[in-house]
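This is what each chain is made of:
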Amino acid sequence: QVQLVESGGGLVQPRDSLRLSCAASGRTFSTYSMAWFRQAPGKEREFVAAIIARGIITSYQDSVRGRFTISRDNAKNTVYLQMNSLKAEDTGVYCCAANPDGSQLARLPTYYSAWGQGTQVTVSS
């Protein structure tokens, strides 16, 4: 099982950029597919992006495709979410999650066995 710790959140203005990081402990990180989810106040948690274990295939929610990029560095046990052209509706707590099926780009939280505590992203002018 991996343990996950997110960082990089903050308060930014619309059209700004942020890069989130998720550091994982454990030797098996490179076998997990990874994802980012977010939850806005009063809303359900939603899928943002996912990447397979080998890092060559990704998947995005329609509202972030073209603005966000998920990537990973297995040598550093870290997954990233580069967020550009941020909008107010991107505000929320962003959590990374690990799926033991390294070939799966799942969008449902139930497929993920490990979660970080989350990092707050606030986009406001």
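Preceding this section is the structure that the text describes.
Every value quoted in this text rests on a predicted model; they were computed, and no experiment measured them.

Draft legend 1. Summary view of the sheet that holds strand S8 (residues 78-83). Spatially, the four strands line up as an open sheet ordered S1-S3-S8-S7, and their pairing is antiparallel. The open sheet terminates on both sides in strands that have one partner only, identified here as strand S1 (3-7) and strand S7 (68-73). The sheet shows a mean angle of 15 degrees between the axes of neighbouring strands, direction not considered. Where S1 and strand S3 (residues 18-25) come together, five bridges link them in antiparallel fashion. Within S3, the residue paired with Val5 across the bridge is Ala23.

Draft legend 2. Inspection of the packing of aromatic side chains at higher detail. A full pass over the atoms with the stated rule returns four aromatic pairs. When the ring of Phe37 is compared with that of Phe47, the centres are 5.8 Å apart and the planes differ by 80 degrees; the resulting orientation is edge-to-face. Placement of Phe37 in strand S4 (residues 33-39) and of Phe47 in strand S5 (residues 46-51) is noted, with a sequence separation of ten residues between them. No difference in accessibility class separates Phe37 from Phe47, as the two residues are buried. With a centroid separation of 6.2 Å and an interplanar angle of 65 degrees, the aromatic rings of Tyr112 and Trp115 are classed as edge-to-face. An aromatic cluster of at least three residues, connected via ring pairs, comprises Phe37, Phe47, Tyr112 and Trp115. The cationic tip of Arg45 hangs over the ring face of Trp115; the distance from NZ or CZ to the ring centre is 4.1 Å. Here the guanidinium or amino end of Arg72 rests over the ring plane of Phe29, the centre of that ring lying 4.5 Å away.

The rules behind each value
- Residues numbered from 1 in each chain as written.
- Predicted model: local features only at pLDDT ≥ 70, side-chain atom pairs only at ≥ 80, totals over all residues.
- Heavy atoms only, no water.
- Pairing = 2+ DSSP bridges.
- Helix = DSSP H or I, 4+ residues; strand = E, 2+ residues; numbered from the N terminus.
- Axes fitted to C-alpha atoms, helices over the stretch in contact; angles between N-to-C directions.
- Phe/Tyr/Trp six-rings, centres within 6.5 Å; stacked < 30°, edge-to-face > 60°.
- Buried < 20%, exposed > 50% of the residue type's maximum accessible area, 1.4 Å probe, protein only.
- Lys NZ or Arg CZ within 6 Å of the ring centre and 35° of its normal.

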